[in-house]
Amino acid sequence: MMTLILFGLFFVLVFLNVPIAISLGLAASAGLMYGEFPLSVIPSILYSGTAKFALLAIPFFILAGSIMEYAGISRRLINFANACVGHRKGGLMAVVVIVACFFAAISGSGPATVAAIGPILIPAMVKAGYGKDMPAALVSSAGAIGIIIPPSIAYVVYASCTDVSVGALFTAGIIPGILVGVAYYMAAAWDSRGNKDIIPQPKLSAKERLHAFKDAFWGLMTPVIILGGIYAGIFTPTEAAGIAVIYGLVVGIFIYREIKWKDLYHIFIESAVSSATVMFIISAAAVFAWILTTSQIASQLSQMVLSVSDNKYIILLLINVIFLIAGCFLDANSAFYILLPIMVPVLNAIDVSLVHAGVFLTVNMAIGQITPPVGINLYVGCNVAEIPVANICKKIIPFLIAGIVALFLLTFVPQISMFLPQLIGQI
């Protein structure tokens, strides 16, 4: 009965369009009252759920992403990528994926990546003859790479739930992020086959390319400083988030001079609101997860999953199906807090590395960002392209197929994710 109350009430509220954090909080409160737990435990759980050193990285990475956007870094990265490959056949599609990967290494957020590159690239692709629907679908899909390539807020949350090294997750996510990017490029190329309206971009001279590189240099250095410092052991992922903020301010105010002192107020307010939203979800999800664990529901559900089959690969397939369905309705932070207490014992029982699992489960959540009905990237992309969401639903199908193919490769070929962490001795 407790399981029905928790999950039943939660999904009813979600379908009624109640915000995720409120849905989690109300379902958890109902579970506490049904289980006759004292409601006085809520404040301590809310506090313990967010009072983790690793989670300090979240507001800093959100702030860093906002600063980079105001600093004009996304525009410079686009210009540089366009100078290098824009003139090739389907060059603008490659530009979208390349820039999404670079901006993902700055923002750590899918919707933020779409919002940063979409206003520039979608109109450019429309002008080049790609239409509006496919560019919106491509930018929305490529934006989802924002939570796969490090630094990623989703990895930070996953690490806080499983006590896995954030640095190892960051390292493990690099190759999978590139793989997913290539898959989305191939989906876009397949969708655009036979489109005779596409106009090739003019090829720039070596001098113009060099100028574009110099202009984008400080932006290109951002992921190098963040990730290089982490992998070299100079600072922790949380400290790296703080360094990214300082670096972004220096570049935006003193080098590019696009951030004015009056802009700082808006930057900090936007980042504070986004951070508060994420942390509210995490704290509410922590109460939900506490009830699952304390009531032994998580253990019972874990045993139920393990009872389905003795075959490791069938269980992995089942886990992926569960997370793909969850991704249709939940963001990564909520899904991890709700489902990981159930799935971690299962993963341990079938001898799957939690670092490897962190990557393919995050890819599941990335696919969820472009899956109706709650695929947030779709709404951001359609808003930028000024088209109805219904227009993009058909065009998103090739990208969903490409993402799922990449997901299965990452799930069943663990070395794709584990190669780099093992190479540098993190696991």
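Residues numbered from 1 in each chain as written. Predicted model: local features only at pLDDT ≥ 70, side-chain atom pairs only at ≥ 80, totals over all residues. Heavy atoms only, no water.

Q: Let's hear about the side chain of Thr171: which residues, and what values?
A: Relative to the helices and strands, Thr171 resides in helix H10 (residues 166-172). By relative accessible area, which is 4% here, Thr171 ends up buried. If we skip the residues at most four places from it in the chain, Thr171 touches Tyr231, Leu420, Pro421, Ile424 and Gln426. (Helix = DSSP H or I, 4+ residues; strand = E, 2+ residues; numbered from the N terminus. Buried < 20%, exposed > 50% of the residue type's maximum accessible area, 1.4 Å probe, protein only. Contact = heavy atoms within 4.5 Å.)

Q: Describe the environment of Ser334, naming the residues involved and giving the relevant values.
A: Topologically, Ser334 is positioned in helix H17 (residues 332-349). Each C-alpha atom, one on Ser334 and one on Ile281, is 6.6 Å from the other, the two residues being 53 residues apart in sequence. When residues no more than four places from it in sequence are discounted, the contact partners of Ser334 are Ile20, Leu24 and Ile281.

Q: Now, about the packing of aromatic side chains: what can you tell me, with residues and values included?
A: Under the definition given, this model contains 14 aromatic pairs. Consider the rings of Phe37 and Trp290, whose centres lie 5.3 Å apart with planes at 70 degrees: the pair is edge-to-face. With Phe37 in the loop between helix H2 (20-34) and helix H3 (41-50) and Trp290 in helix H14 (residues 263-294), this pair connects stretches of sequence that are 253 residues apart. Using a relative accessible area of 21% as the deciding quantity, one classes Phe37 as partly exposed. Given a relative accessible area of 27%, Trp290 falls into the partly exposed group. When the centroid spacing of 5.6 Å and the interplanar angle of 55 degrees are considered together, the rings of Phe80 and Phe213 count as tilted. (Phe/Tyr/Trp six-rings, centres within 6.5 Å; stacked < 30°, edge-to-face > 60°.)

Q: Requested: an account of the pattern of salt bridges, with residues and values cited.
A: One pass over the full model with this rule turns up four salt bridges. Across the pair Glu258 and Arg75 runs a salt bridge whose closest N-O atoms are separated by 2.4 Å. With Glu258 in the loop between helix H13 (237-255) and H14 and Arg75 in helix H5 (residues 73-85), this residue pair connects regions lying 183 residues apart in the sequence. Exposure remark for Glu258: the relative accessible area of 26% places this residue in the partly exposed category. Of the charged contacts, one joins Asp191 and Lys395 as a salt bridge, the two residues approaching to 3.2 Å between their closest N and O atoms. Of the two residues, Asp191 sits in helix H11 (residues 174-191) while Lys395 sits in helix H20 (residues 389-395), which places them 204 residues apart along the sequence. In this structure Lys395 comes out as partly exposed when scored by relative accessible area, which is 28%. Salt bridges sharing common partners tie together Arg75, Arg76, Asp215 and Glu258. (Salt bridge = Lys/Arg side-chain N within 4 Å of Asp/Glu carboxyl O.)

Q: Tell me about helix H12 (residues 206-231), and name the residues and values.
A: Its maximal kink placed at Ala216, H12 deviates by approximately 55 degrees. Of the surrounding secondary structure, the elements contacted by the buried residues of H12 are helix H4 (57-70), H5, helix H6 (91-107), H10 and H13. (Bend = angle between axes of the 7 residues up to and from the residue.)

Q: Residues and numbers for a nonpolar patch on the surface, please.
A: Side chains of Tyr313, Leu317, Val321, Ile325, Ile397, Ile401, Val405, Phe408, Leu409, Phe412 and Val413 sit close together on the surface and give an oily, nonpolar patch of about 920 Å² of accessible area. Counting residues per element, the ones that place at least two in the nonpolar patch are helix H16 (312-327) and helix H21 (397-412). Sort the elements by how many residues they give to the nonpolar patch and H21 lands first, with six residues. Accessibility expressed as a relative area gives 36% for Val413, which makes it partly exposed. (Patch = residues over 30% accessible without salt bridge, like charges linked within 9 Å, V, L, I, M, F, W, Y side chains within 5 Å. Areas by Shrake-Rupley, 256 points an atom, 1.4 Å probe, with all protein chains shown as cover.)

Q: How would you explain the packing of helix H9 (residues 153-162) against H17 if you had to name every residue and give the values?
A: Viewed as axis vectors pointing N to C, H9 and H17 meet at an angle of 35 degrees, and their least axial separation amounts to 10 Å. You can see that H9 and H17 cross each other, and the crossing is right-handed. Mapping the contact onto sequence places Ile153, Ala154, Val157, Tyr158, Ser160, Cys161 and Thr162 in H9 and Ala332, Asn333, Phe336, Tyr337, Leu340 and Val344 in H17. A class-by-class count of the residues in the contact of H9 with H17 yields ten nonpolar, three polar and no charged. (Axes fitted to C-alpha atoms, helices over the stretch in contact; angles between N-to-C directions. Left-handed = near helix turned anticlockwise from the far one by under 90°. Nonpolar A, V, L, I, M, F, W, Y, C, P; charged D, E, K, R; others polar.)

Q: Hey, could you go over the packing of H3 against H14 for me, with residue numbers and the actual values?
A: Between two packed helices, the angle of one axis relative to the other and the distance separating the axes together describe the packing. Two elements in contact, H3 and H14, have axes whose closest approach is 8 Å; the angle formed by their N-to-C orientations is 120 degrees. With respect to H14, the axis of H3 lies oblique. In the crossing of H3 with H14, the sense of the turn from one axis to the other is right-handed. Here Val41, Ile45, Leu46, Gly49 and Thr50 of H3 come into contact with H14, specifically with Met279, Ile282, Ser283, Ala284, Ala286, Val287 and Trp290. In terms of residue class, the contact of H3 with H14 is made up of nine nonpolar, three polar and no charged. (Parallel < 35°, antiparallel > 145°, perpendicular 65-115°, else oblique.)

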